[in-house]
Structure formats: C-alpha cells, structure tokens
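# Structure at a glance
These are the residues of each chain, in order.
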Amino acid sequence: MDVGTLQSALAEYFAPWVQELGLKVESFDADSVTVRLPQNEQLSRVGGMLCGQAMMAAADTAMVLALINQFGSFRPCTTVQMNSSFLKPLSNQDGLLQATVIRAGKSLAFGEIDLRGADDGKSVCRASVTYALL
C-alpha cells in the first residue's frame, strides 16, 4: 500500500460531494490511516467552527480508507453503526483524522476514529464504527 493508492481511492470509490471535502491522505501504518480535512468556509459555521456533518462524513471516509489499507484493496462495505462524541469545537484549523481498524472479520469490521486539530493536536471528536463487509 502507498499514500498515492489511498489518495486515488477517494476519487474512485466516493461520491462527488465526499470528494469536495478535500481530504488528503497524510500517512498510514499497519492498522490505521491518517487524513487531513482542510479548514474550509463551506464546511464551517459561525466563528469558523467545523460542522459536525463534515466531521462524520470525513470520519466515515477515513475508516473506509483504513479498511482498504487493511485488505490491500477496496472491498465493498456499508456502515452499520457509527457512534460519535463531540468533545470540543474545531475552529480555524485543519482537522487530522486517524482511523484505526480494531478488527476486520469475514462479514463485519470494527474501527475507531480520532479527529484532532492539526495545529494544536487536541482531540475534538471520537467515533466508533461497525461496517458490514459485502
């Protein structure tokens, strides 16, 4: 696996509106992928705060990239459950999402995502997810 392959998966497998988030693959390791969500007025509320809907879309997308990394290629899947906790606002800075595969079986995969400020490193949102592998 390499960053270029993961980055190209964004254009190949995701809807145009997800591509408009502008996600950039930063790094990966055996169990996780880290992506950057650029700060953007289109995704922000009053005071430059990133909206929760953008956070969740980015988290879901980052986890699918982590699954691609885990399996070595795209495997069709669908989100079964996503539980999120918003810890504090993310304002006027990019977000970094680290999506970690906790377990990937034959029919289900489980993961966790940590979204933190790219500048201050503070965690702003945590999510846990379950996917059905198709």
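Now for a description of the structure that goes with this document. (Residues numbered from 1 in each chain as written. Predicted model: local features only at pLDDT ≥ 70, side-chain atom pairs only at ≥ 80, totals over all residues. Heavy atoms only, no water.)

### Re the overall build of the chain
Helix and strand counts for the chain come out as 3 helices and 6 strands. Secondary structure elements of the chain occur, N-terminal to C-terminal, as α-α-β-β-α-β-β-β-β. Taken over the C-alpha trace, the chain has a radius of gyration of 14 Å; the compact-globule value for 134 residues is 14 Å, and the two agree within 12%. For the chain, the C-alpha atoms occupy an extent of roughly 45 × 25 × 25 Å along the three principal directions. Burial statistics for the chain: of 134 residues in total, 40% are counted as buried. Contacts in the chain between residues far apart in sequence, at least 24 positions, make up 62% of those at least 6 positions apart. For the chain, the computed accessible surface area is about 6,700 Å², with 50% contributed by carbon and sulfur atoms. Distance between charge centres in the chain, computed from 10 positive and 13 negative side chains, equals 6 Å. (Helix = DSSP H or I, 4+ residues; strand = E, 2+ residues; numbered from the N terminus. Rg over C-alpha atoms; globule rule 2.2 N^0.38 Å. Buried < 20%, exposed > 50% of the residue type's maximum accessible area, 1.4 Å probe, protein only. Contact = heavy atoms within 4.5 Å. Areas by Shrake-Rupley, 256 points an atom, 1.4 Å probe, with all protein chains shown as cover. Lys, Arg positive; Asp, Glu negative; His and termini not counted. Charge placed at Lys NZ, Arg CZ, Asp CG, Glu CD.)

### As for the sheet that holds strand S6 (residues 123-133)
Strand order in the open sheet made by the 6 strands is S1-S2-S4-S5-S6-S3, with antiparallel pairing throughout. Strands at the two margins of the open sheet, each flanked by one partner only, are strand S1 (24-28) and strand S3 (77-86). Each strand axis lies, on average, 20° off the axis of its neighbour in the sheet, ignoring direction. Bridge count for S1 against strand S2 (residues 32-37) is 4 bridges, and the pairing is antiparallel. Counted as the bridge partner of Ser27 is Thr34 from S2. In this fold helix H1 (residues 3-13) packs onto S1 and S2, with an angle of close to 145° to the strand it touches most, S1. On top of the sheet, helix H3 (residues 52-71) reaches S1, S2, S3, strand S4 (95-104), strand S5 (108-117) and S6; it is set at about 50° to S4, its chief contact. (Pairing = 2+ DSSP bridges. Axes fitted to C-alpha atoms, helices over the stretch in contact; angles between N-to-C directions.)

### Focus on the side chain of Asp114
Within the fold, Asp114 resides in strand S5. For Asp114, a relative accessible area of 14% corresponds to the buried category. Within the structure, Asp114 has its side chain in polar contact with the side chain of Ser123 (distance 2.5 Å). (Polar contact = N/O pair within 3.5 Å; in protein donor to acceptor, adjacent residues only side chain to side chain.)

### Describing the pattern of salt bridges
Between side chains of opposite charge, pairing is possible as soon as their charged atoms come close. The tally for this structure, following the rule as stated, stands at 4 salt bridges. Here Asp114 and Arg126 are joined by a salt bridge, their closest N and O atoms 3.7 Å apart. One end of the pair, Asp114, is in strand S5; the other, Arg126, is in strand S6, and 12 residues separate them in sequence. Overall, Arg126 belongs to the partly exposed group, its relative accessible area being 37%. One network of salt bridges, with partners in common, ties together Glu26, Arg36 and Asp94. (Salt bridge = Lys/Arg side-chain N within 4 Å of Asp/Glu carboxyl O.)

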